[in-house]
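# Coordinate inspection notes
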Amino acid sequence: MSRSPSFSVKPEPNSKIDPESLRRWVVAFCIIRFDLEQGQLIEECYPPGCLTQDEELEIAFSSFPDSVSQHHNRSSIHDCIFFFRFQRRDDSQVENVSSSEIVEVDDKEVFPKSVDEKFKKKLNNGNGSRYLYGFVFNRQRHDERLKRGGEQKSVVILSHSPYSSVFRPLLQIMGPLYFDIGKKALEYIAAYVSTWPAPVPGKLMDLPIGNATLKVNLPPAHSLPLDSGTLFEESTSSMAPFLPTNQSVPQGLFHDSDLFGTFRGLLLQLWVLWELLLIGEPILIIAPTPPQCCEAVASLVSLVAPLLCSVDFRPYFTIHDPEFAHLNALQEGGTFPPMVLGVTNLFFLKSLRNIHHIVSVGSPALNSSRLALAPRASSGRTSARPEGFGLQNLSFKKFSPSSLLNAVKLRRDGPLCLMTEHKEAIWSTYAAITKPDTSILNRLIDAGVSPRVEESMSVVNNEILRRHFLELTTNFLAPFGPYFRATTPSEGSSPFVDTPPLPSFNADEFLGSLSARGPGKFLSKRMRSNWLDLYRRFLKGHNFMPWFQRRHAVAVQEQHRLWRQARMKTDIQQFISKMSELEIVDSFNAIERHLLGEMQQSGRANADTEATCQKLKRDLQAVFNVLPKDMQQLLLMNPQRAALLQGSPERTKLPGHPSVQAGLVFSTSPR
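Note that this is a predicted model, so its numbers are computed, not measured.

As a further point, take the packing of aromatic side chains. For the structure shown, the criterion picks out 42 aromatic pairs. Taking the centre distance of 5.6 Å and the plane angle of 80° together, the rings of F480 and W547 count as edge-to-face. Of this pair, F480 sits in the loop between α15 (451-477) and β14 (505-506) while W547 sits in helix α19 (residues 544-569), placing them 67 residues apart in sequence. Taken individually, F480 and W547 each receive the classification buried, so the pair is uniform in this respect. The ring centre of F313 lies 4.2 Å from the NZ or CZ of R85, which sits over that ring. Residue placement shows R139 over the ring face of F179; its charged tip is 4.5 Å from the ring centre.

Written as structure tokens, this is what we have:
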């Protein structure tokens, strides 16, 4: 299979590759070969030496379809694209903290006490990633002249960031290019990537590659894990619970996944899956091929946007993953960690019996090469049509006696029935609180026979579904809004006092208040009478506290920004004349703290910081000038404070206050 004819490689893309610029997007490019004698082998890795031996082994095992899951395809070349995610073992491990351990949250205690200082620093600066994402272009070439009738190779892009909208189309270029020109393709692609600008979350970016340009929408900063390399300052973008006005801007991870095509046979169950992921329940997703299972996991994660998904999700999970030994060792009835696992090996049905929510998607009859490699539109991609799951038949199958009997039989047989025949189904004992919105399902358009028409309809359907669940999640998170509402100084009040804290959070008080006022019009029509139970489960689940902490920290940052802005615009002289002596002293102490805080930012000093420092120094001097002389002398005994006040002599006379000489005699103050 040749690369697209619209793409050509320039002779000298870049004479020198900047490693730091490359690492903003890509950790490494790998070529992995399946050797019949030695198994999976990494033939090439660029840049060299950037992975540990254990990481290389884990990447190699995750870069090939599970042999147990593959159905024989005797075509000469079979390509597919999928991706996986794994935890880096060399990073410091951070214990998960349940939100039930934290009852109250304010802006001085944003983190649970059990989280150490090292983790706080990691959350604030985003340096170091606990996870790597591997995007795979796998080629199976059948040739009767070779041992076992063929060979397998995979081209892998490793990144700290889950930018599927970037790396899937890049693989569509890089994969065939490698099989055309060999390992030079790695350096060519690396040279182009190193010229790309730094990623800007939530923005449409033009990324040149050869004579082509990738136009991609990156997921917003608030949906990216803080360990993905996103700086904390980037997380001040618009976040839930405010519904975005621009619908074209992605609001979560994997906004390009084919939600409709993947769950087409289980559309009525999407609301159950939404709840399960919202409250952080473990879910096992089974599909016949890696492209189908990783697409299902990505679609499921995208379902809870704009909520930050803190559940550990593995788009393609194999028995070779080091985590499997731990999961397999869990005792019968033990608590399974909050994970979403995408698998193709049916062995997991027997080994992971502690997962109580199992979803089977996809069809062995799908041409996974076309499914994985078709050009993507903004919200979907081409999907082969599973027989018997047309939308027009959906309502009929839902209420027909045969469909009811089949559903009862599936539930009775349990997920082990997949060992004999693959079927699309969900097995769960969870009783959903949210009712399926049939008005949304009725708006979905049934795809036609033509693949081009089907792709267009899939795009429309994905937008309908994604918009609905975005609205559903946003309304669910709306009651938390008051805890994130930044305030400005009221008219006539001084902005020079300490910035007031945001409201503290208490789970019991929140639930009591919410129970009294109700869930709101949008949710009350879509949820059953026990809707408050969903909030209780959400507060105890794995997604709540990381989202709340991060959202709260952003709100605190915004509040400080607004008050800082107010101090810059306010004339201190207007307030001094109205203050008592005690209020003047309090204002002096507050301004001094603000000034010292600004000066601590000297490592990131800019024109704005410098202007703020100068303004606060003038304000500090003005307040100092109206203090009694004995108070001035007492304050000057502190050398640091004396240095802040050092300046030219001024004389200030205000109504109601004695005239005070402001010149400082530093020879009398200790140094």
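Read on for the rest.
What the five strands build is an open sheet, ordered β2-β1-β6-β5-β3; its pairing is antiparallel. Here the strands that pair on one side only, and so sit at the sheet edges, are β2 (39-46) and β3 (77-87). Pairs of neighbouring strands in the sheet enclose a mean axial angle of 20°, with direction left out of account. One ladder, built from 11 bridges, connects β3 with strand β5 (residues 131-142); its direction is antiparallel. In the strand pairing of β5, I81 is matched with F137.

Below, the discussion takes up the sheet that holds strand β13 (residues 425-428). Strands sit in the order β10-β11-β9-β12-β13 across an open sheet of five strands; the sheet is mixed. Where the open sheet ends on each side, the last strands, each with one partner, are β10 (312-314) and β13. Averaged over all pairs of adjacent strands, the angle between strand axes in this sheet comes to 10°, irrespective of strand direction. Relative to strand β11 (residues 339-343), strand β9 (residues 283-286) runs parallel, the two being bridged by four bridges.

Most of β11 sits inside the fold, with five of its five residues counted as buried. Here β11 shows two buried faces, one formed by M339, L341 and V343 and the other by V340 and G342. Inspection of the sheet shows β10 paired to β11 by three bridges, in the parallel sense. Bridge pairing in β11 links R314 to L341.

Their axes nearest at 10 Å, the elements α19 and helix α22 (residues 607-625) cross at an angle of 60°. Looking at the two axes, α19 sits oblique to α22. For α19 against α22, the interelement crossing comes out left-handed. Here R564, R567 and M568 of α19 come into contact with α22, specifically with D608, T609, A611, T612, K615 and D619. Taken together, the residues of the contact of α19 with α22 break down into two nonpolar, two polar and five charged.

Below, the discussion takes up the environment of R88. Secondary-structure assignment places R88 in the loop between β3 and β4 (104-105). Residues R88 and E58 lie 30 residues apart in sequence; the distance between their C-alpha atoms is 9.9 Å. Looking at R88, its side chain comes within polar contact range of the side chain of E55, at 2.8 Å.

Our focus in this paragraph is the environment of P162. Along the polypeptide, P162 turns up in the loop between β6 (150-159) and α4 (164-181). When its relative accessible area of 2% is taken as the criterion, P162 is described as buried. Setting aside residues no more than four positions away along its own chain, P162 makes contact with Y133, F135, L224, L253 and F254.

Within β5, 10 of the 12 residues are buried, which leaves the element mostly enclosed by the surrounding structure. Bridge count between β5 and β6: 10 bridges; the pairing is antiparallel. Bridging across to β6, Y133 finds its partner in S159.

Mapped onto the fold, F86 is located in strand β3. Judged by its relative accessible area of 0%, F86 is buried. Excluding residues within four positions of it along the chain, F86 makes contact with E55, E58, I59, R130, Y131, L132, R314 and D321.

Core analysis: the largest hydrophobic core is formed by 127 residues, its most contacted members being W25, F29, L270, W274, F476, F480 and W547. If we ignore the near neighbours within four places in the chain, the residues touching W274 are L303, V304, T434, F469, L472, T473, F476, M527 and L534. Counting residues in each nonpolar core, the second largest holds 23 residues, with I572, C613, A622 and L627 among its members.

Let us look at the side chain of D321. With respect to the element layout, D321 can be found in the loop between β10 and α9 (322-328). In contact with D321, other than residues within four places in its own chain, are E58, F86, R89 and R314.

Judged by how many residues are buried, helix α7 (residues 270-278) sits mostly within the fold: nine of nine residues are covered. Looking at α7, one finds that the buried residues are L270, W271, V272, L273, W274, E275, L276, L277 and L278. Two residues or fewer past α7, G280 is found with a positive phi of approximately 80°.

On to the confidence of the model for the protein. On average, residues of the protein score 78 in pLDDT, and 74% of them are at 70 or above. pLDDT under 50 marks residues 1-5. Its contacts with residues more than four places away, or in other chains, come to 12 contacts. In this model residues 367-399 is a low-confidence stretch, pLDDT under 50, and it forms 90 contacts with partners more than four residues away in sequence or in other chains.

This part is about the pattern of salt bridges. All told, the structure shown has 18 salt bridges when counted by the stated rule. As a salt-bridge pair, E592 and R641 come within 2.9 Å of each other at their nearest N and O atoms. With a gap of 49 residues between them, E592 in helix α21 (residues 581-599) and R641 in helix α24 (residues 639-645) connect regions that are remote in the sequence. Salt bridges here are not isolated pairs; linked through shared partners, they connect R85, D312, R314 and D321.

Conventions used here
Residues numbered from 1 in each chain as written. Predicted model: local features only at pLDDT ≥ 70, side-chain atom pairs only at ≥ 80, totals over all residues. Heavy atoms only, no water. Phe/Tyr/Trp six-rings, centres within 6.5 Å; stacked < 30°, edge-to-face > 60°. Helix = DSSP H or I, 4+ residues; strand = E, 2+ residues; numbered from the N terminus. Buried < 20%, exposed > 50% of the residue type's maximum accessible area, 1.4 Å probe, protein only. Lys NZ or Arg CZ within 6 Å of the ring centre and 35° of its normal. Pairing = 2+ DSSP bridges. Axes fitted to C-alpha atoms, helices over the stretch in contact; angles between N-to-C directions. Parallel < 35°, antiparallel > 145°, perpendicular 65-115°, else oblique. Left-handed = near helix turned anticlockwise from the far one by under 90°. Contact = heavy atoms within 4.5 Å. Nonpolar A, V, L, I, M, F, W, Y, C, P; charged D, E, K, R; others polar. Polar contact = N/O pair within 3.5 Å; in protein donor to acceptor, adjacent residues only side chain to side chain. Core = buried A, V, L, I, M, F, W, Y, C linked by side-chain atoms within 4.5 Å. pLDDT = per-residue confidence, 0-100. Salt bridge = Lys/Arg side-chain N within 4 Å of Asp/Glu carboxyl O.

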